[in-house]
Amino acid sequence: MFANRYISEATQIQVRQRAKFLCEYCHASEQWQYVSFTVDHVIPISKGGANFIDNLALACFHGNRQKSDKIKSFDEQTLSEVFLFHPRNDSWQEHFFWTKDTLSIIGLTATGRATVTALRFNRARIINIRAADQEIGRHPPPDEPIQS
Ligand SMILES: [Zn+2]
């Protein structure tokens, strides 16, 4: 069956503004990246997701690539397969927080933990970028939950 995955320029602008130009998964800022972020289908078209704005999220290039067409992943703590974080239905604050040094993201819930692992939120390269950005005041984004 033909499924349209074309996203208009106007919709892409809306998605970026709604996301405040942050990756809606790992909260990287598009402003400081070399590669443009992509508009991700939260539920992939191949898994029945719609091509509407309610199913779209801004995602960094690496996150989008890791996510691919996954909707679920494994949580090591509860030993269960759970849904990945859904930026439209889930609140970031309920599933994630930053470590005290704000360089790594910790999953609070099974979904949070599975998403951190599946999308490799804390790979060495991104931690280095966060550290460099932090030194010049570009990281973390404002009003983020940080480990107390
Ligand atoms: Zn990301």
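Rules of the game
- Residue indices begin from 1 for each chain and proceed along its sequence in written order.
- Owing to the predicted nature of the model, reporting of local features is limited to residues with pLDDT of at least 70; listing and counting of side-chain atom pairs is limited to 80 or more, with chain, interface and lining totals taken over all residues.
- Only DSSP runs of H or I reaching four residues or more are called helices, and only runs of E reaching two or more are called strands; each is numbered from the N terminus.
- Each radius of gyration is computed over the set of C-alpha atoms, and the globule rule expresses the reference value as 2.2 Å times the number of residues to the power 0.38.
- Buried residues are those with 20 or more other C-beta atoms within 10 Å of their own C-beta, exposed residues have 12 or fewer, and partly exposed residues lie in between; C-beta atoms are placed from the backbone.
- In this description, any two residues whose backbone-derived C-beta atoms lie within 7 Å of each other are considered to be in contact.
- When DSSP finds two or more bridges between two strands, those strands count as paired.
- Under the definition applied here, buried Ala, Val, Leu, Ile, Met, Phe, Trp, Tyr and Cys residues are grouped into a nonpolar core through C-beta atoms within 7 Å.

Undergrad: Residues and numbers for the overall build of the protein, please.
TA: Within the protein, the regular secondary structure consists of five helices and six strands. Helices and strands appear in the protein in the N-to-C order α-β-β-α-β-β-α-β-β-α-α. A globule of 148 residues ought to have a C-alpha radius of gyration of about 15 Å, and the protein, at 15 Å, matches this closely. Along the first, second and third principal axes, the C-alpha set of the protein runs to 50 × 35 × 25 Å. When the 148 residues of the protein are sorted by exposure, 28% land in the buried category. Nonlocal contacts in the protein, meaning residues at least 24 apart in sequence, comprise 60% of its contacts between residues at least 6 apart.

Undergrad: Can you lay out unusual backbone geometry for me, pointing to particular residues and giving the numbers?
TA: The omega torsion across His139 and Pro140 is -5°, close enough to zero to call that bond cis. Mapped onto the elements of the fold, Pro140 is located in the segment after helix 5 (124-135). Of note, Lys20 is a non-glycine position whose phi angle comes to about 55°, a positive value. Since 13 C-beta atoms lie within 10 Å of it, Lys20 is described here as partly exposed. Within the chain, Ser68 stands out as a residue other than glycine whose phi angle is a positive 50°. Among the structural elements, Ser68 can be located in the loop between helix 2 (61-67) and strand 3 (72-75). With 10 C-beta atoms packed within 10 Å, Ser68 lands in the exposed category.

Undergrad: Residues and numbers for the pairing of strand 4 (residues 80-83), please.
TA: Each regular strand displays side chains that alternate between the two surfaces of the sheet. The sheet contact formed by strand 3 and strand 4 spans four bridges and is antiparallel. Bridge pairing links Asp75 to Ser80 in strand 4. The antiparallel hairpin formed by strand 3 and strand 4 contains four residues in its connecting segment, where Leu79 sits at a positive phi of about 50°.

Undergrad: Kindly report on the environment of Ala124, identifying the contributing residues and their values.
TA: In this fold, Ala124 is placed in helix 5. Residues Ala124 and Ser104 lie 20 residues apart in sequence; the distance between their C-alpha atoms is 9.8 Å.

Undergrad: Give me the lowdown on the nonpolar core, citing residues and values where you can.
TA: Across soluble globular proteins, you tend to see nonpolar side chains buried next to one another. Grouped together as the largest cluster of nonpolar side chains are 23 residues, with contacts concentrated most on Cys23, Tyr25, Cys26, Leu58, Ala59 and Cys60. Of all the secondary-structure elements, those providing two or more residues to this core are strand 2 (56-59), strand 5 (96-98) and helix 4 (110-118). Ala59 has contacts with Cys23, Glu24, Tyr25, Phe37, Thr38, Asp40, Asn64 and Lys67, leaving out every residue within four places of it along the chain.

Undergrad: Can you explain the environment of Ile129? Please cite residues and give values.
TA: With respect to the helices and strands, Ile129 occurs in helix 5. Distance in space between the C-alpha atoms of Ile129 and Leu103 is 9.0 Å, their sequence separation being 26 residues.

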